[in-house]
Every structure is written in C-alpha cells, then in structure tokens.
Amino acid sequence: MKQDVLIEVKNLEVRFPIRKKKLFSSEVRQLRAVDDVSFDIKRGETVGLVGESGSGKTTVGRAILRAIDPTGGEVIFHTNGHNTDIAHAEGEELRKFRQHMNMVFSEGSVKLSTMTADRLRLFRSKMSLVFQDPYSSLNPRMTVRDIIAEPLIASGMMKDRDAIDARVRDIAGRCKLNLEHLRRFPHAFSGGQRQRICIARALVSRPDFVVCDESVSALDVSIQAEIVNLLKDLQEEMGVAFLFIAHDLSVVAQMSHRVAVMYVGKFVEYAPTERLFFHPRHPYTHALLSAIPQADPDVEFDPIRLDGEIPNPLNAPSGCRFHSRCPFARERCSEDAPEWREIAPDHHVACHFAEEFDFSRPHA
Ligand code: SF4
C-alpha cells in the first residue's frame, strides 16, 4: 500500500436493473452506470471528477460513500492509524464508539464496499457529502445550529450539549458564518451562506474525506470563487481530502490537485491537474478542454464539435465507448476496449493510441 493513499478504488462497478415490460412478460436489463473504475485519492488532496451529464460522476461519489451499494469491485479506506476525533466521547454508548473506532483504525485499512450497516453508521463520521442545491439540502424546520450538529448526534459521536455547541461554533466560525445567526432558520440566508452551512455540516465531525457533488454549480460566479477559496482554506487547516465533482472545468482546475475524466461510466484519463490541462492524451479530454472559453483575445478559441449525443449506458458502444464520436477512431476502436494504463508517472489513459496523440496546449 502507498503510504499517503486515503481511498483506493479498485474495479468499481455499479449496475442498476431496468425492467422493461413486454405484453406477457418483462425483461430486466442492466444499466452499467459505473464500469471497472480504478483510482486513488491521497490524504489531504482534491481530486476533480469531470464529464458530461449522465457519465456516472455522481454515482462514483455515492458508491465510495456507500450511499449506493456497489455491485462489484472494492473501495478501501486506509486509516493508517489516523484516529482523529473521538476525544469528546462520553458515556457508555460513546465508550463503545471509541472502542469501535479504535478497532477500525488499528486495522490500518477497511473495506467500505463490504462493510456492514452497523459499522458503516459509525464510520460515516469519517466521510461526508456536500450536495449541489443549498436550498433543498437544508431542513427548513431546523435551526442552523441543529443542522450543523446533526452528524455528531446521528453517528453517536457526541452527546454533551455544551461540547456539541462548542464544536458547532468552531466549525461555523471556520466557515465564516456569523455566530449570532446560529439560532436562525435556513430561509433567512442567501445561497452562498446556505452552502457555507452545508460545508459546516459536512466538516463538523472532522471527516478525512468529503464528496462535493456539483457543490458550487448552483451559485453565482463571485460566490463560487468564495466557496472554492473557503474549501481550499479548510483543506489546508483540517487536512481533509475532497472528491470534487463538477462539469465546469475552470472551477475544477482551480480546486484540484489531480483530475479524472469520465465518459459513459468509465474513466478515460486521470492525471495531475496541470498535466491533464496542458498535455492531455485522450481525444475526449482534448475536446472538453477545447470548449473552455478563453479570457485572452489573442488565444484562439476553436471548440471541437463532437458528433452525436453521449451514448445511453444501457446500449454502451462496443470496444472503446468513445469510438462513435471520436474524430481519431480507427477500425480496432470499435472492437477492442482500450486498457486503463499508466503512460507516464501518475498519468493514466484508456486509449489505444494515446502515445501517438500530442494535444499539448499553450499555458495561459
Ligand atoms: Fe478514439 Fe480509438 Fe482512442 Fe477510443 S481508442 S479514444 S476511439 S482513438
């Protein structure tokens, strides 16, 4: 095991059965939302995950958190003995929590993909999720204090009211929320402030890993920049790792240390951010990057038009899934599925001819 790896995803697969009714019978087909995805996330790093709508980005994030049960593969959480936050545990139930977490952490690595529901409930304090819509993800009947405190109480991590209040005030302050407003209800806040409340709730249990699922997409551009800066500051202070799912490549570039590109349920490229943005090797990554608007009028803006729609994962193309839209497709592409391989240190690609392509772009 590599020392600083926090989450290891091996051959992850998520299928959804789709029942199609016929006249006297029904047929069950499998929708392969995520197919044979392997990657890792290091402690304290941000991995950006991009792709068109329907490519399976959200399903990957939720399968890692076990909000959706994977149908194949493994998700391993490497604890490395980093037992971070059970200092406030009290009482019999909390003593058990402490024992359990110590036991889990002493194991060094835990397999999330097969963890039982009981263990998973306790382990959830180490992982969290920030949703896209800050309006629908906050309970309008709860005060901000209670919303932020909920993960501590639900996991059984803390019970003492004063200790919970202190923790809530600490994380609310870090998220730059006004502490005078903790007794207010969500409707009294703007979209940006609500997203700060969502982030405070996600980080209150001091998790090691948070999935941000399109967490800035619904916000104005100026508020997006504030939230991105806040997430980066919190990462530096708390050492949390993020899986940052988004379709806006420029936001992903600002936020991420490494970036993965998905197409119809599969990863097609994964590399450090600068390498992926300036030296992509997969034709799909090249097409996505060509569509980023350029602020500099001297830089040519010539987006590549991909023919057709993203294929339905129920009828995913044979061979390379991108072959029906790839401007560089050859005969082999429709027959052989390309292998997921490392073509340079830390740079993975799934394309038969990746070494032949040079899509390097000038640095802005
Ligand atoms: Fe295009 Fe073929 Fe590479 Fe797929 S394997 S991306 S179809 S060139």
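Just above, that's the structure.
Quick summary incoming for the structure in this document.

Moving on, we come to the sheet that holds strand β4 (residues 72-78). Remark on secondary structure: sheet strands pair via backbone hydrogen bonds, oriented parallel or antiparallel. On the basis of which strands lie adjacent, the open sheet formed by four strands has the order β2-β1-β4-β5 and antiparallel pairing. The sheet is open, and its two borders are formed by β2 (26-42) and β5 (109-111), each paired with just one other strand. For this sheet, the mean inter-axis angle between neighbouring strands, taken without regard to orientation, is 25°. Here helix α1 (residues 57-65) sits on the sheet and contacts β1 (5-21), β2 and β4; the angle it forms with β1, its principal contact strand, is near 115°.

Attention now goes to helix α10 (residues 283-290). The buried fraction of α10 amounts to eight of the eight residues, a majority that puts the element mostly inside the structure. Of the surrounding elements, those touching the buried residues of α10 are α8 (249-255), β9 (258-263), β10 (266-272) and α9 (273-278).

So, about the pattern of salt bridges. On inspection of all chains with the given rule, the structure shows 18 salt bridges. With its nearest N and O atoms 3.2 Å apart, the salt bridge here joins Asp170 to Arg174. Placement of both Asp170 and Arg174 in helix α5 (residues 161-174) is noted, with a separation of four residues, approximately one turn of the helix. With a relative accessible area of 30%, Asp170 lands in the partly exposed category. Judged by relative accessible area, which is 27%, Arg174 ranks as partly exposed. A single salt-bridge network, built from bridges that share partners, covers Asp40, Glu45, Arg258 and Asp346.

Once that is clear, we can look at the sheet that holds strand β3 (residues 46-50). An order of β6-β7-β8-β3-β9-β10-β12-β11 is seen for the eight strands of this open sheet, with the pairing classed as mixed. Two strands bound the open sheet, and with one partner strand each, they are β6 (127-130) and β11 (341-344). Strand after strand, the sheet turns through a mean of 20° between neighbouring axes, direction not considered. With four bridges connecting them, β3 and β9 associate as parallel partners. Across the sheet, Gly48 pairs through a bridge with Val259, a residue of β9. Across the face of the sheet, α1 comes into contact with β3, β6, β7 (209-213), β8 (241-245) and β9 while running at roughly 155° to β7. The strands that α10 touches are β9 and β10; relative to β9, the one it contacts most, it runs at about 105°.

What counts, and at which threshold
- Residues numbered from 1 in each chain as written.
- Predicted model: local features only at pLDDT ≥ 70, side-chain atom pairs only at ≥ 80, totals over all residues.
- Heavy atoms only, no water.
- Pairing = 2+ DSSP bridges.
- Helix = DSSP H or I, 4+ residues; strand = E, 2+ residues; numbered from the N terminus.
- Axes fitted to C-alpha atoms, helices over the stretch in contact; angles between N-to-C directions.
- Contact = heavy atoms within 4.5 Å.
- Buried < 20%, exposed > 50% of the residue type's maximum accessible area, 1.4 Å probe, protein only.
- Salt bridge = Lys/Arg side-chain N within 4 Å of Asp/Glu carboxyl O.

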